[in-house]
Amino acid sequence: MLKIAVLAISGVLMAVMLKQVKPEYSVFISMAVCICIFIYLLSKLQTVLGYLSQLEVFAHMDGVWLETVLKMLGITYITQFASDLCKDAGYSAIANQIELFAKISILFLSFPVLMALVQTIGEAL
């Protein structure tokens, strides 16, 4: 966390200094810092995925459920990242469209899970 904090604070300080001289470049600094943090986050996600696969084997879970949940989680993280970048750049209309598309994508991903749940409840009754 310390690395991320130092990177973020350094990026903010550079963006603030550049904003006085070249305001258009401060957005690029902000985006570059965000992308670096996101790439660092992706490298750490490999560890989480390893633990989740161990949990899947240990709990005898169906891989489809876990895969669907991970896809939904990925959509939310990527959406938040892209939406925030667009909002910071001043394009809130595009950010809103990204968020809308993500909500619909998650809705489509959730239908098989919902159908399986309804089927399981129907079998139990």
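Residues numbered from 1 in each chain as written. Predicted model: local features only at pLDDT ≥ 70, side-chain atom pairs only at ≥ 80, totals over all residues. Heavy atoms only, no water.

Asker: Quick question: what am I supposed to make of the overall build of the protein here?
Answerer: What the protein contains, in helices and strands, is 4 helices and 0 strands. In the protein, the succession of α and β elements from N to C terminus is α-α-α-α. Here the C-alpha radius of gyration of the protein, 20 Å, is well above what a compact globule of 125 residues would show, namely 14 Å. The C-alpha extent of the protein, read off along each of the three principal axes, is 70 × 35 × 15 Å. (Helix = DSSP H or I, 4+ residues; strand = E, 2+ residues; numbered from the N terminus. Rg over C-alpha atoms; globule rule 2.2 N^0.38 Å.)

Asker: In this structure, what is going on with the environment of Ser 26? I would like to understand it.
Answerer: One can find Ser 26 in helix H2 (residues 23-58). For the pair Ser 26 and Met 14, spaced 12 residues apart in sequence, the C-alpha to C-alpha distance is 7.6 Å. If near-sequence neighbours (up to four positions away) are discounted, Ser 26 is found in contact with Ala 15 and Lys 19. (Contact = heavy atoms within 4.5 Å.)

Asker: Mind showing me how you'd approach helix H4 (residues 92-124) here?
Answerer: Each α-helix winds once per 3.6 residues, and so residues spaced three or four apart point in a common direction. Look at H4: 47 Å from first C-alpha to last across 33 residues, which is about the 48 Å you get at 1.5 Å a residue. In H4, a bend of some 35° at Ser 110 exceeds every other bend along the element, and Pro 112, a proline, comes one to four places later. Of all the residues in H4, the buried ones are Ala 95, Ala 102 and Ser 105. (Expected span 1.5 Å × (residues − 1). Bend = angle between axes of the 7 residues up to and from the residue. Buried < 20%, exposed > 50% of the residue type's maximum accessible area, 1.4 Å probe, protein only.)

Asker: I keep staring at H2 and nothing clicks. Help me out?
Answerer: Over its 36 residues, H2 extends 53 Å from the first C-alpha to the last, a length consistent with the 52 Å expected when each residue adds 1.5 Å. The largest bend along H2 reaches roughly 25° and is located at Lys 44. If you check which residues of H2 are buried, you get Ser 26, Val 33 and Phe 38. A positive phi of about 55° marks His 60, the residue just after H2.

Asker: What is the right way to look at the pattern of salt bridges in this model?
Answerer: Two side chains that carry opposite charge are able to pair once their charged atoms sit near each other. Throughout the structure, instances matching the rule amount to 2 salt bridges. Ionic pairing is found between Lys 71 and Glu 67, a salt bridge with its closest N-O pair at 3.4 Å. Of this pair, Lys 71 and Glu 67 both sit in helix H3 (residues 63-88), separated by 4 residues, roughly a single helical turn. A relative accessible area of 43% means that Lys 71 is categorised as partly exposed. Since its relative accessible area comes to 44%, Glu 67 is described here as partly exposed. Between Lys 87 and Glu 99 there is a salt bridge whose closest N-O contact spans 3.2 Å. Residue Lys 87 is located in helix H3, and its partner Glu 99 is located in helix H4; the two are separated by 12 residues in the primary sequence. The class of Lys 87 is partly exposed, set by a relative accessible area of 39%. (Salt bridge = Lys/Arg side-chain N within 4 Å of Asp/Glu carboxyl O.)

Asker: Help me understand a nonpolar patch on the surface, please; the structure alone is not making it clear to me.
Answerer: A cluster of nonpolar side chains, namely Leu 100, Ile 104, Leu 107, Phe 108, Phe 111, Leu 114, Leu 117, Val 118, Ile 121 and Leu 125, defines an oily patch on the protein surface of about 1000 Å² accessible area. Residue placement: Leu 100 occurs in helix H4. (Patch = residues over 30% accessible without salt bridge, like charges linked within 9 Å, V, L, I, M, F, W, Y side chains within 5 Å. Areas by Shrake-Rupley, 256 points an atom, 1.4 Å probe, with all protein chains shown as cover.)

Asker: What should I look at first to understand the packing of aromatic side chains in this one?
Answerer: The relative placement of two aromatic rings is captured by the distance of their centres and the angle of their planes. This structure, assessed with the given rule, holds 2 aromatic pairs. Between the aromatic rings of Tyr 25 and Phe 28, the centroid separation amounts to 6.4 Å while the plane-to-plane angle is 40°, which identifies the pairing as tilted. One end of the pair, Tyr 25, and the other, Phe 28, are both in helix H2, 3 residues apart, so they sit about a helical turn from each other. The class of Tyr 25 is partly exposed, set by a relative accessible area of 41%. Exposure remark for Phe 28: the relative accessible area of 53% places this residue in the exposed category. When the ring of Phe 38 is compared with that of Phe 81, the centres are 4.4 Å apart and the planes differ by 20°; the resulting orientation is stacked. Of this pair, Phe 38 sits in helix H2 while Phe 81 sits in helix H3; the two residues are 43 residues apart in sequence, bridging distant segments of the chain. (Phe/Tyr/Trp six-rings, centres within 6.5 Å; stacked < 30°, edge-to-face > 60°.)

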